[in-house]
Amino acid sequence: MNLGPHGGFIVAAYAIASVVVAGLICWIVADHRAQTKRLAELERSGMARRSARGAEPS
Amino acid sequence: MALIDFANPNRFIRLVDRALPWLVVATALFCALGLYQAIVVAPDDYQQGATVKIMFIHVPAAWLGMLGWTLMSVAALGTLVWRHPLADVALKTTAPLGAAFTLMCLVTGALWGRPMWGTYWVWDARLTSVLVLFLMYLGVIALWRTVEDPSRAARAAAILTLVGAVNLPIIKFSVDWWSTLHQPASVLRLGGPTIHPALLMPLMIMAAAFTLLFVTLQLGAMRNEILRRRVRTLRLMQAANAGAS
């Protein structure tokens with residue numbers, strides 16, 4: 001594949017787009033792990049939302 | 001299931017948990033197909049040569065940057081008018097995604113402009129109005145981080161979003177209203193696309209891939225925001241219990 005005399009610009013554009021997309025994916029995955037972990041820690045310490053307590057079997 | 005049923009955050013999270021794996025697979029497939037079409041199959045442009053390949057990421061990124069603000073405007077109405085419980089969640093989580101896609105549009109546009117126009121940047125109406133869109137996204141993100149009370153932050157961000165929506169038609173029609181170095185619309189125009197089908201098809205596939213990616217990231221970010229608010233509520237309850245004992 002010949003990208004011509006401006007190949008560097010094409011490669012740079014695709015590389016930067018890849019970095020932006022990868023950054024967004026990593027941020028959302030890491031944030032999900034962090035929030036899930038914090039929620040689990042709080043629930044282990046006995047904290048539960050009223051709606052969650054209401055949903056528990058009696 | 002009625003639309004109002006999605007107002008329940010628990011039900012929304014269950015729906016997202018079920019939908020996300022399918023969306024991830026669909027996004028990956030469309031991205032792979034789109035990149036293959038854009039890089040391998042699409043012919044070079046008769047004037048621009050291979051640099052036309054930058055269009056396949058620049059144009060979808062621009063569309064998603066504008067779509068993000070459009071979604072935020074609908075969410076702003078949901079916050080101010082209907083007081084939908086998930087509206088300000090959507091408003092908050094769309095801003096960083098929209099900012100990222102707008103930044104991608106600006107950077108890839110600069111990299112396309114240098115070999116074609118001889119300059120990375122020019123203060124013409126299209127480029128400047130897109131830069132304003134990016135700065136407005138940063139403004140909304142900053143506002144959310146500045147105001148501590150989420151409901152007050154949501155109202156302020158909703159008003160700023162609706163005011164900023166004025167910029168959307170300016171971006172779209174800037175190439176018609178003013179003399180710009182940026183080319184006029186060649187896909188979304190009244191007379192139909194002026195772009196050759198051999199280039200239009202990969203562009204549409206990449207646009208579909210970017211849209212699927214945006215939806216997937218948005219649903220994931222909304223789920224995270226709902227969990228973050230649960231954590232905040234439980235911490236407030238924990239602090240209140242500690243204060244009472």
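Scroll up a little and you will see the structure.
Residues numbered from 1 in each chain as written. Chains lettered and ligands numbered in written order. Predicted model: local features only at pLDDT ≥ 70, side-chain atom pairs only at ≥ 80, totals over all residues.

**Let's talk about the overall build of chain B**
Thought 1: On a plain count of helices and strands, chain B comes out with seven helices and zero strands.
Thought 2: Counting from the amino terminus, helix and strand elements in chain B follow one another as α-α-α-α-α-α-α.
Thought 3: In terms of principal-axis extent, the alpha carbons of chain B reach across some 75 × 35 × 30 Å.
Thought 4: A buried classification covers 37% of the 245 residues belonging to chain B. (Helix = DSSP H or I, 4+ residues; strand = E, 2+ residues; numbered from the N terminus. Buried ≥ 20, exposed ≤ 12 C-beta atoms within 10 Å, placed from the backbone.)

**Description of the interface of chain A and chain B**
Thought 1: The interface of chain A with chain B comprises 24 residues on the first partner and 31 residues on the second.
Thought 2: In terms of residue class, the side of chain A that touches chain B is made up of 15 nonpolar, six polar and three charged. (Contact = placed C-beta atoms within 7 Å. Nonpolar A, V, L, I, M, F, W, Y, C, P; charged D, E, K, R; others polar.)

**Details of the packing of helix H4 (residues 125-146) of chain B against helix H5 (residues 150-164) of chain B**
All names here are of chain B.
Thought 1: Packing of H4 against H5 leaves a shortest axis separation of 9 Å and a crossing angle of 170°. When the interaxial angle is binned, H4 and H5 end up roughly antiparallel. Facing Met136, Gly139, Val140, Leu143 and Trp144 of H4, the residues of H5 in contact are Ala153, Ala156, Ala157, Leu160, Thr161 and Gly164.
Thought 2: When its residues are assigned to classes, the contact of H4 with H5 shows eight nonpolar, three polar and no charged. (Axes fitted to C-alpha atoms, helices over the stretch in contact; angles between N-to-C directions. Parallel < 35°, antiparallel > 145°, perpendicular 65-115°, else oblique.)

**Some points on the environment of Leu71(B)**
Residue and element names in this part refer to chain B.
Thought 1: Mapped onto the elements of the fold, Leu71 is located in helix H2 (residues 55-82).
Thought 2: On the neighbour-count criterion, Leu71 (21 C-beta atoms within 10 Å) is buried.
Thought 3: Distance in space between the C-alpha atoms of Leu71 and Leu227 is 21 Å, their sequence separation being 156 residues.
Thought 4: For Leu71, the contacting residues outside a window of four places in its chain are Ala90 and Thr94.

**A closer look at the nonpolar core**
Proteins that are soluble and globular tend to have nonpolar side chains buried together.
Thought 1: In this structure, Ala13(A), Ile54(B), Ala61(B), Leu91(B) and Met206(B) are the most contacted members of the largest nonpolar core, which totals 63 residues.
Thought 2: Contributing elements (two or more residues each) for this core: helix H1 (7-44) of chain A together with H2, helix H3 (87-117), H4, H5 and helix H7 (197-244) of chain B.
Thought 3: For this core, the element with the most residues is H3(B), which contributes 16 residues.
Thought 4: When neighbours within four sequence positions are excluded, Met206(B) is seen to be in contact with Gly34(B), Ala38(B), Phe56(B), Ile57(B) and Pro60(B). (Core = buried A, V, L, I, M, F, W, Y, C linked by C-beta atoms within 7 Å.)

**A few points about H2(B)**
Thought 1: Between its first and last C-alpha, H2(B) extends 39 Å over 28 residues, near the 40 Å set by a 1.5 Å rise per residue.
Thought 2: Just past H2(B), the residue Arg83(B) takes up positive phi, approximately 50°. (Expected span 1.5 Å × (residues − 1).)

**Quick look at the environment of Cys31(B)**
Residue and element names in this part refer to chain B.
Thought 1: Along the chain, Cys31 turns up in helix H1 (residues 9-41).
Thought 2: A residue is classified by how many C-beta atoms lie within 10 Å of it, and Cys31, with 18 of them, is partly exposed.
Thought 3: Separated by 179 residues in the primary sequence, Cys31 and Phe210 have C-alpha atoms spaced 7.6 Å apart.

**Some words on unusual backbone geometry**
Thought 1: Backbone geometry at Arg83(B) places phi at a positive 50°, although glycine is not the residue there.
Thought 2: Assignment of secondary structure puts Arg83(B) in the loop between H2 and H3.

**Thoughts on the packing of H1(B) against H7(B)**
Residue and element names in this part refer to chain B.
Thought 1: Relative orientation of the contacting elements H1 and H7 amounts to 155°, with a least axis distance of 7 Å. In terms of their interaxial angle, H1 and H7 are classed as roughly antiparallel. Classified by chirality, the crossing of H7 by H1 is left-handed.
Thought 2: Looking at side-chain class alone, the contact of H1 with H7 contains 24 nonpolar, five polar and one charged residues. (Left-handed = near helix turned anticlockwise from the far one by under 90°.)

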